[in-house]
Amino acid sequence: AGGVDAENGMVLRAQNLDWDNVPLAEVVAEQLQCKVVIENDVTAAAWGEFKFGAAKNADSMFAVWIGTGIGGGLILDGNIWRGPLGTGGEFGMSISEHEPKIQDRALESFASRSGLQRITGIADLDTEAIRIAYNNDEEITYAVNAGAKRIGSSIANVITLLSLDTVVLGGGLIEALGSPFIQQIRDQFDVDVFPHHCRSCVFTQTTLGPDAGLLGAADIATHS
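Now for a look at the structure at hand. None of these values were measured; they are calculated from a predicted model.

## Considering the sheet that holds strand 3 (residues 19-22)
- If you trace the 3 strands from one edge of the open sheet to the other, you get 1-2-3, paired in antiparallel fashion. With one partner strand each, in any of the chains shown, strand 1 (3-5) and strand 3 form the two edges of the open sheet. Neighbour-to-neighbour, the strand axes of the sheet open up by a mean angle of 15°, direction not taken into account.
- Of the pairings in the sheet, the one linking strand 2 (residues 10-14) to strand 3 comprises 3 bridges and is antiparallel in character. By the bridge assignment, V11 is partnered in strand 3 with V22.

## What about the pattern of salt bridges?
- Scanning all chains against the criterion turns up 6 salt bridges.
- Residues R186 and D190 are paired through a salt bridge, measuring 3.0 Å at the closest nitrogen-oxygen approach. One end of the pair, R186, and the other, D190, are both in helix 7 (residues 172-192), 4 residues apart, so they sit about a helical turn from each other.
- Classification of R186 as buried rests on a relative accessible area of 14%.
- The structure contains a network of salt bridges with shared partners spanning R13, D18 and D20.

## Some remarks on the nonpolar core
- Grouped together as the largest cluster of nonpolar side chains are 36 residues, with contacts concentrated most on I66, I151, I155, I159, F181 and I185.
- Elements supplying a minimum of two residues to this core: strand 4 (61-66), strand 5 (70-76), helix 5 (127-133), helix 6 (138-162), strand 7 (166-170) and helix 7.
- The biggest single contributor to this core is helix 6, with 9 residues.
- For I159, the residues in contact, after removing those within four places along its chain, are L164, V167, F189, V193, C198 and C201.
- One finds V42, A55, A63 and A212 within the second-largest nonpolar core, a separate group that totals 17 residues.

What counts, and where the lines are drawn
Residues numbered from 1 in each chain as written. Predicted model: local features only at pLDDT ≥ 70, side-chain atom pairs only at ≥ 80, totals over all residues. Heavy atoms only, no water. Pairing = 2+ DSSP bridges. Helix = DSSP H or I, 4+ residues; strand = E, 2+ residues; numbered from the N terminus. Axes fitted to C-alpha atoms, helices over the stretch in contact; angles between N-to-C directions. Salt bridge = Lys/Arg side-chain N within 4 Å of Asp/Glu carboxyl O. Buried < 20%, exposed > 50% of the residue type's maximum accessible area, 1.4 Å probe, protein only. Core = buried A, V, L, I, M, F, W, Y, C linked by side-chain atoms within 4.5 Å. Contact = heavy atoms within 4.5 Å.

In short, the description is geometric, and any link to function would need to be established separately.
Encoded structure:
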């Protein structure tokens, strides 16, 4: 869950573990005595959905997973797009706030579960509590919908740039909050995407759920 150099088996930066430049593939390979392949978690999930799930009939797609953090995965012309620097798809760490007094300005600091914990000040705000409170608790509902709008705008930036026709949404908050949450994201996307022609981009929910990353990682490893 973070920036990964898949080719060299390195975790470049993992926010939740506070890891920098960890040679994870080498460390695990020494313990297991076999070849080890590592991949960003949402890139693996994107590949799972592309090969076996919601995007299996697409040529290209963008995946956004919204849970404890926010991650992204890009599939372009049938291949994982990591880019020349190797970390393509790091959607959640894109900047979403330009107020200089705010230290954590990344999208996931406002729109993920951990971001909602920070905003509301409720340290034990888990996914189930958010599900129950959504549309019942005014403060939490406002925070969730404000986060959804940020996500919608950020997805609009990606689609405006890359002109993709398929977005797959997954992760704990998507699965817990479902259609009303997705509609908030979609409504803001439709406002912000350019040109209006790109409103034809299809938003779909994961069909593989928690198995998307497992299946994607297994297929990546099998063919590496």
